[in-house]
Amino acid sequence: MLLVTGATGNIGRELVRDLDARDAEVRVLVRDRARAAALPPRVERVVGDLDEPASLSPAFAGVDRLFLLTPGIGVAQAANALAAAVEAGVRHVVMVSSIYAAGDPVPPMGVWHRERELLVEASGLAWTILRPGGFMSNALDWTDTIREQGFVLDALGPGRLAPIDVADIAAVAALVLTGDGHAGKTYTLTGDEALTVAEEVALLATATGRDIEVRAVTSPEDVVRSRYPDGAPPALAAAIVEAAELVRADTTGLRTDVVRQLLGRPPRTFADWCDRNADAFR
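It should be emphasised that the depicted structure is a prediction, and the values quoted were computed from it without experimental measurement. (Residues numbered from 1 in each chain as written. Predicted model: local features only at pLDDT ≥ 70, side-chain atom pairs only at ≥ 80, totals over all residues. Heavy atoms only, no water.)

**Observations regarding the overall build of the protein**
Right, on to step 1. Helices and strands together make up the secondary structure of the protein, namely 11 helices and nine strands.
Right, on to step 2. Dimensions of the protein, computed from C-alpha atoms along their principal axes, come out at roughly 55 × 40 × 35 Å.
Right, on to step 3. Across the 282 residues of the protein, 50% fall into the buried class.
Right, on to step 4. Residue pairs at least 24 apart in sequence account for 76% of intrachain contacts in the protein once pairs closer than 6 positions are excluded.
Right, on to step 5. When the accessible surface of the protein is totalled, it reaches about 12600 Å², and 51% of it is carbon and sulfur.
Right, on to step 6. Averaging the locations of the 28 positively and 39 negatively charged side chains of the protein gives two centres separated by 4 Å. (Helix = DSSP H or I, 4+ residues; strand = E, 2+ residues; numbered from the N terminus. Buried < 20%, exposed > 50% of the residue type's maximum accessible area, 1.4 Å probe, protein only. Contact = heavy atoms within 4.5 Å. Areas by Shrake-Rupley, 256 points an atom, 1.4 Å probe, with all protein chains shown as cover. Lys, Arg positive; Asp, Glu negative; His and termini not counted. Charge placed at Lys NZ, Arg CZ, Asp CG, Glu CD.)

Written out as structure tokens, the structure reads:
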């Protein structure tokens, strides 16, 4: 039995569909059963909350492998999940972390990710850590300013990132969860193309058939709004500002070939993502 946390999120939805297509035995942990209505019918739903350890036993019973994805900047949910996994006899945990957890020193954006990694490594369970770079779906943060005013805030200037499609992250996770030989491995996952924000916007403009202006940020508040239009908690906001400074200074952009090596195909392109998601910006 495979247990998936975060099953109704961007990565989780793709992962559950992929696992279902492989005829894997899948259970999902959800706080609200209604939110899982769109998942494949044969997937087992169990209601529980990673913030409430006493609610987790039914979800973890009989589970062999765990996909662990926890949101936000805390580590309590990961700790609760790992404790439940150890108690239930789970053998292998696959956790989504972040490319920022690899820094030396670890930058603020990666601190809580690294803390979660350390919990997994100390759990006594076999583990595999996935460290994706920026998600292509982060471009959805631009929908309001594009729809309403036709512009995107650019916090990165000449800096380059090689964004990855969440579907590729899910495909790697499905491979690891259903295969062997991945224990103790940390996989850094990126796309093939290192792009500036302006280049991403140009591809999005082509896909949507509309003009989109790129506006440089003028304040730290703008930097935060470029990723979180409604603002972010202070600790996260500070981490976003520092991460933007690091990316601005990287005019090459980190790329790995891990997706290609594991899946036997190139990562999906940002142009393809734009074509598939163009309606969200119209």
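Having seen the model, we can carry on.
**Overview of the pairing of strand 4 (residues 65–68)**
Right, on to step 1. Here strand 4 shows two buried faces, one formed by Arg65 and Phe67 and the other by Leu66 and Leu68.
Right, on to step 2. Here four bridges tie strand 4 to strand 5 (residues 92–96), and the two strands are oriented parallel to one another. Opposite phenylalanine 67, over in strand 5, you have valine 94 as the bridge partner.
Right, on to step 3. Regarding the hand of the β-α-β motif, the stretch spanning strand 4, helix 3 (residues 76–88) and strand 5 is right-handed. (Pairing = 2+ DSSP bridges. Right-handed = clockwise from strand over helix to strand, strands pointing away.)

**Comments concerning the sheet that holds strand 2 (residues 26–30)**
Strand pairing in a sheet is mediated by backbone hydrogen bonds. Such pairs are either parallel or antiparallel.
Right, on to step 1. In spatial order, the strands read 3-2-1-4-5-6-8; together these seven strands make up an open sheet with parallel pairing. Both outer strands of the open sheet, strand 3 (44–47) and strand 8 (185–189), are each paired with one neighbouring strand and no more. Taken over all neighbouring pairs, the strand axes of this sheet differ in orientation by 20 degrees on average, direction set aside.
Right, on to step 2. Summarising the sheet, strand 5 and strand 6 (residues 126–132) pair through five bridges and their orientation is parallel. Across the sheet, the residue bridging to methionine 95 is isoleucine 129, located in strand 6.
Right, on to step 3. Those strands touched by helix 4 (residues 108–121) are strand 5 and strand 6, and its axis lies near 165 degrees from that of strand 6. (Axes fitted to C-alpha atoms, helices over the stretch in contact; angles between N-to-C directions.)

**As for the environment of isoleucine 212**
Right, on to step 1. Checked against the element boundaries, isoleucine 212 lands in the loop between helix 7 (197–208) and strand 9 (213–216).
Right, on to step 2. Overall, isoleucine 212 belongs to the buried group, its relative accessible area being 13%.
Right, on to step 3. The sequence separation of isoleucine 212 and leucine 19 amounts to 193 residues, and the corresponding C-alpha distance is 37 Å.
Right, on to step 4. Contact partners of isoleucine 212, with chain neighbours within four places excluded, come to Ile146, Gly150, Phe151, Val152, Val201, Leu204 and Ala205.

**Points about a positive patch on the surface**
Right, on to step 1. Together, Arg13, Arg17, Arg31 and Arg35 give the surface a local cluster of positive charge.
Right, on to step 2. Mapped onto the elements, arginine 31 comes out in the loop between strand 2 and strand 3. (Patch = residues over 30% accessible without salt bridge, like charges linked within 9 Å, V, L, I, M, F, W, Y side chains within 5 Å. Salt bridge = Lys/Arg side-chain N within 4 Å of Asp/Glu carboxyl O.)

**With respect to the packing of aromatic side chains**
Right, on to step 1. Scanning all chains against the criterion turns up two aromatic pairs.
Right, on to step 2. Centroid distance phenylalanine 270 to tryptophan 273: 5.7 Å. Interplanar angle 10 degrees. Geometry classified as stacked. With phenylalanine 270 and tryptophan 273 both in helix 11 (residues 270–277), this residue pair falls three residues apart, about one helical turn.
Right, on to step 3. Relative accessible area serves as the criterion here: at 1%, phenylalanine 270 is assigned to the buried category.
Right, on to step 4. We classify tryptophan 273 as buried; its relative accessible area is 4%. (Phe/Tyr/Trp six-rings, centres within 6.5 Å; stacked < 30°, edge-to-face > 60°.)

**Let's talk about the packing of helix 7 against helix 11**
Right, on to step 1. Between helix 7 and helix 11, the shortest axis-to-axis distance is 9 Å and the interhelical angle comes to 40 degrees. Viewed along their axes, helix 7 and helix 11 adopt a mutual orientation that is oblique. The crossing of helix 7 and helix 11 is right-handed. Residues Glu200, Leu203, Leu204 and Ala207 of helix 7 form the contact with helix 11, whose participating residues are Phe270, Ala271, Cys274 and Asp275.
Right, on to step 2. Of the residues assigned to the contact of helix 7 with helix 11, the class counts are six nonpolar, no polar and two charged. (Parallel < 35°, antiparallel > 145°, perpendicular 65-115°, else oblique. Left-handed = near helix turned anticlockwise from the far one by under 90°. Nonpolar A, V, L, I, M, F, W, Y, C, P; charged D, E, K, R; others polar.)

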